[in-house]
Structures are given as structure tokens and as C-alpha cells.
Amino acid sequence: MLPLCQHNQPSFLLFRARRIYKRHQRDPKLVREKRKAAAATGALACEVCGFDFEAAYGGLGAGYIEVHHTKPVHMLTPGTKTKLADLALLCANCHRMMHRKQSPIDLELLGNLIPEKVN
């Protein structure tokens, strides 16, 4: 448990961010819906670079893709509902790059940094 402190102290802000994150963690049902919707329109490929786990790894990669919040979870207000449009399908590399900076990186901007995309 974090020590008691003034509301503007870092430990309070960290506690508040963790509490908000816990409240807005990905809903497994919503993640399944996002994957299902993408699979219905084609392959589960990274929205930034086009990487397709099934094409690369065969059956082992079938149905695998990471799901990313396009609106940072720590910035959501209590009661905010995440919609499918607020989620992006990303490969592990692009997902890590999205989290390299504190401020959100636009999917298109990240894609423009990749010299050769898969598709």
C-alpha cells in the first residue's frame, strides 16, 4: 500500500493511475470481438506494418495479434466505455513502439517510420 500523502505527490498519482488502469483494463470480450471482426474481413494483420502471425508462423500464429488502446487508458475518465474503434490490432514490435513515449503515438505516424512494410 502506498503511503498517505498530498494529492499532488507522485505516489498518489501513481496509485491513481494504477486504479484507473485496473478499472479500464481490456475487456476480454471486447478484445475477442475486435479480433473476430478483423478475421471476418480478412487476416489478423498488424494495422501499422501489416505483419500477419499466421502467414509467418502457420498454425502456431493463427488467431494471434495484440490489441492496443488508441486512447491511453490512464487518460480515460471513470465510466468511459471502450469501443471497437478505440482498439487497434498490432504486432508485438509495433505495440512496443506505441508505448515507448509517454504521449500517444498516432498509428499512421508510426507506420510512416517503417521503411518496408509487410504489405
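What counts and how
Residues numbered from 1 in each chain as written. Predicted model: local features only at pLDDT ≥ 70, side-chain atom pairs only at ≥ 80, totals over all residues. Heavy atoms only, no water. Helix = DSSP H or I, 4+ residues; strand = E, 2+ residues; numbered from the N terminus. Buried < 20%, exposed > 50% of the residue type's maximum accessible area, 1.4 Å probe, protein only. Contact = heavy atoms within 4.5 Å. Core = buried A, V, L, I, M, F, W, Y, C linked by side-chain atoms within 4.5 Å. Pairing = 2+ DSSP bridges. Phe/Tyr/Trp six-rings, centres within 6.5 Å; stacked < 30°, edge-to-face > 60°. Expected span 1.5 Å × (residues − 1). Arc of directions from axis to C-beta. Salt bridge = Lys/Arg side-chain N within 4 Å of Asp/Glu carboxyl O.

Draft legend 1. Quick look at the overall build of the protein. Across its full length, the protein holds five helices and two strands. Secondary structure elements in the protein, listed N-terminal to C-terminal, are α-α-α-β-β-α-α. Looking at the protein as a whole, 29% of its 119 residues are labelled buried. Considering only contacts in the protein between residues 6 or more positions apart, those separated by 24 or more positions represent 56%.

Draft legend 2. The arrangement of the nonpolar core in detail. By size, the foremost hydrophobic cluster in this structure holds 19 residues, and its most contacted members are Cys 46, Val 48, Leu 89, Leu 90, Cys 91, Cys 94 and Leu 110. Those elements giving two or more residues to this core turn out to be helix H2 (28-41), strand E2 (87-90) and helix H4 (92-98). In terms of residues, this core owes the most to one element, E2, which gives four residues. Discounting residues that sit within four places of it in the chain, Leu 89 has contacts with Lys 34, Arg 35, Ala 38, Leu 44, Ala 45, Cys 46, Glu 47, Ile 65, Glu 66 and Val 67.

Draft legend 3. A look at the pairing of strand E1 (residues 66-69). Alternating positions in E1 separate into two faces, Glu 66 and His 68 on one and Val 67 and His 69 on the other, with burial throughout. By the bridge criterion, four bridges tie E1 to E2 in an arrangement that is antiparallel. Across the sheet, the residue bridging to Val 67 is Leu 89, located in E2.

Draft legend 4. Expanded view of the packing of aromatic side chains. Within this structure, the stated rule accounts for four aromatic pairs. Ring geometry for Phe 53 and Tyr 57: centres 6.2 Å apart, planes at 20 degrees, overall stacked. Remark: Tyr 57 and Phe 53 occur in helix H3 (residues 53-57); sequence separation between them is four residues, near one turn of the helix. Grouping aromatic residues by their ring pairs yields a cluster made of Phe 51, Phe 53, Tyr 57 and Tyr 64.

Draft legend 5. Here's a closer look at H2. For H2, which comprises 14 residues, the first-to-last C-alpha distance of 20 Å matches the rise-based estimate of 20 Å (1.5 Å per residue) to within 8%. Among all positions of H2, only Leu 30, Val 31, Lys 34 and Ala 38 are buried. One side of H2 holds all its buried residues, which, seen down the axis, span an arc of 105 degrees. Along H2, exposed side chains directed more than 90 degrees from the buried face belong to Pro 28, Lys 29, Arg 32, Lys 36 and Ala 40. Contacts made by the buried residues of H2 are with E1 and E2.

Draft legend 6. Region of interest: the side chain of Glu 66. Tracing the chain through its elements places Glu 66 in strand E1. Those residues in contact with Glu 66 that lie beyond four places of it in its chain are Arg 35, Ala 88, Leu 89, Leu 90, Ala 92 and His 95.

Draft legend 7. Main features of the pattern of salt bridges. Under the counting rule described, the total for this entry stands at one salt bridge. Here Lys 71 ties to Asp 86 by a salt bridge, and the two come within 3.4 Å at their closest N and O atoms. Taken together, the residues span a long stretch of sequence, with Lys 71 in the loop between E1 and E2 and Asp 86 in the loop between E1 and E2 at a distance of 15 residues.

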